[in-house]
Amino acid sequence: SQELEQSPQSLIVQEGKNLTINCTSSKTLYGLYWYKQKYGEGLIFLMMLQKGGEEKSHEKITAKLDEKKQQSSLHITASQPSHAGIYLCGAAEMITASKLTFGTGTRLQVTL
Amino acid sequence: DAGVTQSPTHLIKTRGQQVTLRCSPKSGHDTVSWYQQALGQGPQFIFQYYEEEERQRGNFPDRFSGHQFPNYSSELNVNALLLGDSALYLCASSQQGGLDIQYFGAGTRLSVL
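Definitions and limits used
Numbering of residues starts from 1 in every chain and runs along the sequence as written. Chain letters start at A and ligand numbers start at 1, both assigned in the order the entries are written. Thresholds applied to this predicted model are a pLDDT of at least 70 for local features of residues and 80 or more for the giving and counting of side-chain atom pairs; totals over whole chains, interfaces and linings are not thresholded and use all residues. For the side-chain quantities, the full set of heavy atoms in the structure was used; hydrogens and water were omitted. Per the convention used, a helix needs a DSSP run of H or I reaching at least four residues, while a strand needs a run of E reaching at least two, with both numbered from the N terminus. C-alpha atoms define the radius of gyration, and 2.2 Å times the number of residues to the power 0.38 defines the globule rule. Only protein chains enter the calculation, and the probe is 1.4 Å; a residue is then buried if its accessible area is under 20% of its type maximum, exposed if over 50%, and partly exposed in between. Should any heavy atoms of two residues lie within 4.5 Å, those residues are counted as being in contact. All accessible areas in this document rest on Shrake-Rupley with a 1.4 Å probe, and a residue is counted as covered only by the protein chains that are shown. Charge counting treats Lys and Arg as positive and Asp and Glu as negative, with His and both chain ends excluded. A charged residue contributes its charge at one atom only: NZ of Lys, CZ of Arg, CG of Asp or CD of Glu. Any two strands between which DSSP finds at least two bridges are classified as paired. Lines fitted to the C-alpha atoms define the axes, with helices restricted to the stretch that makes contact. Angles between their N-to-C directions range from 0 to 180 degrees. Throughout, a disulfide means two cysteine sulfur atoms within 2.5 Å of one another.

Draft legend 1. Molecular detail of the overall build of chain B. Along its length, chain B carries zero helices and eleven strands. If you list the helices and strands of chain B from N to C, you get β-β-β-β-β-β-β-β-β-β-β. In terms of C-alpha radius of gyration, chain B reaches 13 Å, essentially the compact-globule figure of 13 Å for 113 residues. Each of the three principal axes of chain B carries a C-alpha extent, and together these read 40 × 25 × 25 Å. Taken over 113 residues, chain B has a buried fraction of 49%. The long-range fraction of contacts in chain B, counting pairs at least 24 apart against all pairs at least 6 apart in sequence, stands at 52%. A total accessible area of about 5300 Å² is found for chain B, and carbon and sulfur atoms account for 47% of it. When the 8 positive and 10 negative side-chain charges of chain B are each reduced to one mean point, those points stand 12 Å apart.

Here it is, written out as structure tokens:
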């Protein structure tokens, strides 16, 4: 079965600093999803990547999928307290997405 | 446009009891997936329902069962509760076919004592 490894597990950054979270898969990714979760709450969809080399941006968050489709990164520019939370990457194992496999998450704290 | 709604938000049960969790999908969605998220872990796929049938199942015992109704809403039932069933249960809805985005509800926090 597919496994996703996220790094780092936790991150503390000062407001205004940039940061990057990585997600590595043991298998080829058909679809890679990034979600954000506030502690104990539901997941908020951020972005989905499908094609090798694809890059998407929304506000100050940019996600990339490498050419081999086995690694993705999430980059936050000029972090703000509102960016704090748990970032989860999820992967679809097949072209017809049903089951998503998730990493264990990266906990981000943004200090003032 | 209402998103995915789950009820109840919190639930406390004792070992051996049975529990039913409910989910209403986002408007226009016909597929419901259920996930279990233990503390400090990523969500684990339980099963998915489409056209009132279980389409795919994760590595969970038969104590976990579900149902989907004609209006696409869904229930998750867990029998003979164990302490290890304590977790956040998340429902996600999507449209069947292709790599559609799964939208999640706020979850139901189940505590088994």
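Draft legend 2. Looking closely at the overall build of chain A. Tallying secondary structure elements over chain A gives zero helices and eleven strands in all. Counting from the amino terminus, helix and strand elements in chain A follow one another as β-β-β-β-β-β-β-β-β-β-β. Computed over the C-alpha atoms, the radius of gyration of chain A is 13 Å, within 12% of the 13 Å expected from 2.2 N^0.38 for a compact globule of 112 residues. Viewed in the frame of its principal axes, chain A has a C-alpha envelope of about 40 × 30 × 20 Å. Among the 112 residues that make up chain A, the fraction classed as buried is 46%. Long-range contacts, defined here as pairs at least 24 residues apart, represent 54% of the contacts in chain A between residues at least 6 apart.

Draft legend 3. Summary view of the sheet that holds strand β7 (residues 64-68) of chain B. Residues and elements named next belong to chain B. One open sheet accounts for four strands, arranged β1-β3-β8-β7; its pairing is antiparallel. The open sheet has two free edges, formed respectively by β1 (5-7) and β7, since each of these has just one partner strand. Recorded for the sheet is a direction-independent mean angle of 20° between the axes of neighbouring strands. Taken together, the three bridges between β1 and strand β3 (residues 19-24) define a ladder with antiparallel strand orientation. Directly across from Gln6, in β3, lies its bridge partner Cys23.

Draft legend 4. Spotlight on the state of the cysteines. According to the stated counting rule, one finds two disulfides over all chains in the structure shown. With its sulfur 2.1 Å from that of its partner, A:Cys23 forms a disulfide with A:Cys89. Across the S-S bond of A:Cys23 and A:Cys89 the torsion is about 75°, and the bridge reads as right-handed. Pair noted here: A:Cys23 is in strand β3 (residues 19-25) and A:Cys89 is in strand β9 (residues 85-92), with a separation of 66 residues, a long-range link. On the accessibility criterion, A:Cys23 (0% relative accessible area) is buried. We classify A:Cys89 as buried; its relative accessible area is 0%. Here B:Cys23 is linked by a disulfide to B:Cys91, with a sulfur-sulfur distance of 1.8 Å. Looking along the S-S bond of the B:Cys23-B:Cys91 disulfide, the torsion reads about -60°, which is the left-handed sense. Of this pair, B:Cys23 sits in strand β3 while B:Cys91 sits in strand β9 (residues 87-94); the two residues are 68 residues apart in sequence, bridging distant segments of the chain.

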